[in-house]
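Structural features, examined
This is what each chain is made of:
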Amino acid sequence: MGQRRGRRLRWVLVWLLVAAAVVAGLALWNRGKGGPSAEACSVTPAGGKPVTMELEQAQNAATIAAVVDSRGLPERALTIALATALQESKLRNLDGGDRDSVGLFQQRPSQGWGTADQIQDPVYATNKFLDALVKVNGYARLSLTDAAQAVQHSAYPGAYAKHEANASLLASALTGRSPAAFNCTVHQFLQVDPALLGSPAADAAAASAPASAGASPASPAAAAGPGGQQQLARRLQVEFGRTVTLAAAPAGSADPGITGTALALTPDPAANTDTGADPQRQSGWAVAHWALANAEQLGIGSIRYDGKVWRLDRSDSGWQAQSGPAAGSDKVLITLGRPDAKH
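Residues numbered from 1 in each chain as written. Predicted model: local features only at pLDDT ≥ 70, side-chain atom pairs only at ≥ 80, totals over all residues. Heavy atoms only, no water.

With respect to the overall build of the protein chain
Helices and strands together make up the secondary structure of the protein chain, namely eleven helices and nine strands. By the burial criterion, 46% of the 343 residues in the protein chain qualify as buried. Working note: accessible area of the protein chain is about 16500 Å², and carbon and sulfur atoms make up 55% of it. (Helix = DSSP H or I, 4+ residues; strand = E, 2+ residues; numbered from the N terminus. Buried < 20%, exposed > 50% of the residue type's maximum accessible area, 1.4 Å probe, protein only. Areas by Shrake-Rupley, 256 points an atom, 1.4 Å probe, with all protein chains shown as cover.)

A word on the pattern of salt bridges
Close approach of charged atoms lets side chains of opposite charge pair. One pass over the structure, following the stated rule, counts nine salt bridges. Residue arginine 71 is joined to aspartate 131 by a salt bridge in which the shortest nitrogen-to-oxygen separation is 2.9 Å. Of this pair, arginine 71 sits in the loop between helix 2 (55-70) and helix 3 (75-89) while aspartate 131 is found in helix 5 (residues 122-133), placing the two residues 60 residues apart along the sequence. Given a relative accessible area of 30%, arginine 71 falls into the partly exposed group. The exposure class of aspartate 131 is partly exposed, given its relative accessible area of 30%. Put simply, aspartate 100 and arginine 108 hold a salt bridge, and the shortest N to O gap is 2.5 Å. A relative accessible area of 25% places aspartate 100 in the partly exposed class. Judged by its relative accessible area of 19%, arginine 108 falls in the buried class. (Salt bridge = Lys/Arg side-chain N within 4 Å of Asp/Glu carboxyl O.)

Let's talk about the pairing of strand 9 (residues 332-339)
Of all the eight residues making up strand 9, six are buried; the element is thus mostly covered by neighbouring parts of the structure. In this sheet, strand 9 lies alongside strand 5 (residues 258-267) in antiparallel orientation, the contact comprising eight bridges. Looking at the pairing, glycine 260 lines up with glycine 337 of strand 9. (Pairing = 2+ DSSP bridges.)

Considering the sheet that holds strand 9
Judged by pairing direction, the sheet is antiparallel, and its six strands sit side by side in the order 4-5-9-6-7-8 without closing on themselves. A strand with exactly one partner marks an edge of an open sheet, and here the two such strands are strand 4 (244-248) and strand 8 (320-321). Pairing of strand 7 (residues 308-311) with strand 8 involves two bridges; the strand directions are antiparallel. The residue of strand 8 that forms the bridge with lysine 308 is alanine 321. Lying on the sheet, helix 9 (residues 228-240) is in contact with strand 4, strand 5 and strand 9; it crosses strand 4 at an angle near 160 degrees. Against the sheet, helix 10 (residues 279-293) contacts strand 4, strand 5, strand 6 (300-305), strand 7 and strand 9, and its axis sits at roughly 165 degrees relative to strand 6. (Contact = heavy atoms within 4.5 Å. Axes fitted to C-alpha atoms, helices over the stretch in contact; angles between N-to-C directions.)

Quick word on the sheet that holds strand 1 (residues 40-43)
Pairing in this open sheet of three strands is antiparallel, and the strands run 2-1-3 from one edge to the other. In this open sheet, the two strands that pair with only one neighbour each are strand 2 (51-53) and strand 3 (182-185). Each adjacent strand pair in this sheet contributes to an overall mean axis angle of 20 degrees, direction not counted. As paired strands, strand 1 and strand 2 are joined by three bridges and run antiparallel to one another. Bridge assignment links serine 42 to a residue of strand 2, and that residue is threonine 52.

Comments concerning the side chain of glutamate 75
Position of glutamate 75 relative to the elements: it lies in helix 3. Within the local environment of glutamate 75, its side chain forms a polar contact with the side chain of arginine 177, the two groups lying 2.8 Å apart. (Polar contact = N/O pair within 3.5 Å; in protein donor to acceptor, adjacent residues only side chain to side chain.)

Quick notes on the packing of aromatic side chains
Enumeration over the complete set of coordinates arrives at four aromatic pairs. When the ring of phenylalanine 240 is compared with that of tryptophan 290, the centres are 5.5 Å apart and the planes differ by 75 degrees; the resulting orientation is edge-to-face. Residue phenylalanine 240 is located in helix 9, and its partner tryptophan 290 is located in helix 10; the two are separated by 50 residues in the primary sequence. Of the residues examined, phenylalanine 240 reaches a relative accessible area of 2% and is grouped as buried. With 5.0 Å between their ring centres and 80 degrees between their planes, tryptophan 285 and tryptophan 319 make a pair best called edge-to-face. One end of the pair, tryptophan 285, is in helix 10; the other, tryptophan 319, is in the loop between strand 7 and strand 8, with 34 residues separating them in the sequence. Tryptophan 285 sits in the buried class, given a relative accessible area of 1%. Pairwise contacts between aromatic rings join Trp285, Tyr305 and Trp319 into one cluster. (Phe/Tyr/Trp six-rings, centres within 6.5 Å; stacked < 30°, edge-to-face > 60°.)

Put into structure tokens, the structure is as follows:
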């Protein structure tokens, strides 16, 4: 009886090993066949190793960049802000921390930064950080550690410096100084909180766009992206201020492979020109990268600018070359909606 039990046990072990080998083989096969990559965003320096982050982190970084842009501050201000947020929260909008600290910059209500609810609004938190930063005399010429510490008063001031390289790389992409350097892999859209829609800010921003920019909110076209035109308008107004306007995409410029609402984002060519780059092109890439960071939240199926295109269904490939009349557009052309199954 003991021998039979022993043989059965050996056969069970053999089959378990075979099953494990099959699973491992399938995983390797799928990887070799180009299976879907994990959802994430990255910035790749020339000849360097990519800096990768989760979608949530990328969305928060893009918001910080948009607020810096809206205030007309130099790229150095963005680098300092990003490095600070990387150290304090890893670019996550935390609901807690040391003592009563919350949010991206771990600001404390008890120290006069605002209420906990206010601080957990990334736009508010970024503006409060920048309000303090611009009061630091010569902050753009200071070391990152000294500039950040003058705002944060941290018990570990030396910790900010270790994030400077990554923050600089991210800032160069999000300001548009490094075109097409920011990429995101996105597989699906988020369901948008209805509370984000229908706010006074959203209504005012959406009303400023021409009626031809999209169908009515109840129509399938306008709802093709879960966030819809209204949320996009709201986000543009709140984060970029007046530096980006939303309008109908030029006739014939919509992505033919996407079923949804085609829109055009017109950036402000006067924004963030401290680097000496072509201001209009740089501002356009800042807007395009912001839209990409928020593609999951806003339901963006495609983004086209400056001869490049990003598509949700090919997001693993990043920005790709495009041709046609839209390739030379000075506007960032986006489509709210999903790729058409026929394409």
